[in-house]
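# Results of the structural survey
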Amino acid sequence: MRDTYQALQALSVKMLGLLLGVFALFGVVVLVSIRLFDSPSQQLSIGFLGIATLISTFCSPLSISNLVIKTKRVEFLPFYLSLSTFLTCLFFLAYGMFKHDPFFAMRNASGA
């Protein structure tokens, strides 16, 4: 019982550290974009950062897809996560096309 509590406590500390790291990175991005770029350049730099982030997000399930192809078993593939990601990207792709925002459309097209 005590080992389980210690393991959960260690996991909680690790997750808190990761969460604080994400917030710190977000703060750095905000400060750099405000201090170093003017308004049109801010949109461009944040757009490219968003594209890079979403491409890395969509590439991570590809490793699971590779495992599914090698083992020929779909038990590793989370269906509802894949479906919801596809539908969300499809809707936001349409939104980006209607708003004529290439950054919004491009990063969501990679998921759709």
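Position numbers for residues start from 1 in each chain and track the written sequence from start to end. It should be noted that, the model being predicted, local features are given only for residues of pLDDT at least 70 and side-chain atom pairs only at 80 or more, the latter also being counted only at that level, while totals for whole chains, interfaces and linings use all residues. Just so you know, side-chain values use all the structure's heavy atoms and leave hydrogens and water out.

UniProt positions are given in the numbering used here, feature names are shortened, and annotations may be inferred rather than shown by experiment. Under the UniProt heading Subcellular location (unreviewed entry), the note attached to the chain is "Endomembrane system".

### Quick notes on the overall build of the chain
Counting from the N terminus, the helices are the DSSP runs of H or I reaching at least four residues and the strands are the DSSP runs of E reaching at least two. When its secondary structure is counted, the chain shows four helices and zero strands. Using C-alpha atoms as the atom set, the radius of gyration is obtained and then compared with a globule rule of 2.2 Å times the number of residues to the power 0.38. In terms of overall size, the chain is more extended than a compact globule, its C-alpha atoms giving a radius of gyration of 19 Å where 112 residues would be expected to give roughly 13 Å. The buried label goes to any residue with under 20% of its type's maximum accessible area, the exposed label to any with over 50%, and the partly exposed label to all in between, with areas taken from a 1.4 Å probe on protein chains only. The buried share of the chain, reckoned over its 112 residues, is 12%. Of the contacts formed within the chain by residues at least 6 apart in sequence, a portion of 41% connects residues at least 24 apart. All accessible-area figures derive from a Shrake-Rupley calculation using a 1.4 Å probe, and residue coverage is judged against the displayed protein chains alone. About 9,100 Å² of surface is accessible on the chain, with carbon and sulfur atoms providing 73% of the total. Residues scored as positive are Lys and Arg, those scored as negative are Asp and Glu, and His as well as the terminal groups of each chain are ignored. Lysine's charge is taken at NZ, arginine's at CZ, aspartate's at CG and glutamate's at CD. Of the side-chain charges in the chain, 8 are positive and 4 negative, and the distance between the mean point of each set is 5 Å. Contact between two residues is taken to exist if any of their heavy atoms lie within 4.5 Å; hydrogens are not considered.

### Describing helix H3 (residues 79–98)
Working rule for helices: expected span equals 1.5 Å times residues minus one. An ideal rise of 1.5 Å per residue puts 28 Å on 20 residues; H3 measures up with 29 Å between its terminal C-alpha atoms. Regarding H3, the residues found buried are Cys 89, Leu 93 and Gly 96. Each buried residue of H3 lies within a common arc of 65° when the element is viewed along its axis, so the set occupies one face. Seen from the open side of H3, the exposed residues pointing more than 90 degrees away from its buried face are Phe 79, Tyr 80, Phe 91 and Phe 98. The arc in question is traced by the directions running from the helix axis to the C-beta atoms.

### Looking at the layout of surface pockets
Only protein atoms enter the 1 Å grid used here. Points where a 1.4 Å probe fits but cannot escape make up a cavity, open sets with protein on both sides within 12 Å along at least five of seven lines make up a pocket, and a residue lines them when an atom lies within 4 Å of a point. Grid points are joined across faces, edges and corners, and a volume is the space filled by probe spheres set on the points. Considered as a void within the structure, the second largest pocket measures approximately 220 Å³ in volume. Residue classes follow a fixed rule: Ala, Val, Leu, Ile, Met, Phe, Trp, Tyr, Cys and Pro count as nonpolar, while Asp, Glu, Lys and Arg count as charged, and any other residue, Gly among them, counts as polar. Broken down by class, the residue content of the lining of the second largest pocket amounts to eight nonpolar, three polar and one charged.

### A look at a nonpolar patch on the surface
Taken together, the side chains of Phe 79, Tyr 80, Leu 83, Phe 86, Leu 87, Leu 90 and Phe 91 present a nonpolar region at the surface, about 730 Å² in accessible area. Along the chain, Phe 91 falls in helix H3. Residues enter patches when their relative accessible area tops 30% and they take part in no salt bridge; the joining distance is 9 Å for like charges and 5 Å for the nonpolar side chains Val, Leu, Ile, Met, Phe, Trp and Tyr. A pair is scored as a salt bridge if a Lys or Arg side-chain nitrogen falls within 4 Å of a carboxyl oxygen belonging to Asp or Glu.

### Notes on the environment of Asn 66
Within the element layout of this structure, Asn 66 appears in helix H2 (residues 39–71). Its relative accessible area of 40% is what places Asn 66 among the partly exposed residues. Note: C-alpha distance between Asn 66 and Val 29 (37 residues apart in sequence) is 33 Å.

### A word on unusual backbone geometry
It is generally the case that most residues other than glycine have a negative phi and that most peptide bonds are trans. With a phi close to 55°, Lys 72 is a non-glycine residue in the positive phi region. Looking at the element boundaries, Lys 72 is found in the loop between H2 and H3. You can call Lys 72 exposed: its relative accessible area is 75%.

### As for the UniProt feature "transmembrane region" (unreviewed entry) in the chain
What UniProt calls "transmembrane region" (unreviewed entry) maps, in this numbering, to residues 15–37, 44–64 and 76–98. Summarising residues 15–37: 96% helix, 0% strand, and an end-to-end C-alpha distance of 32 Å. Secondary structure content for residues 76–98 is 87% helix and 0% strand, while the C-alpha to C-alpha distance between its ends is 36 Å.

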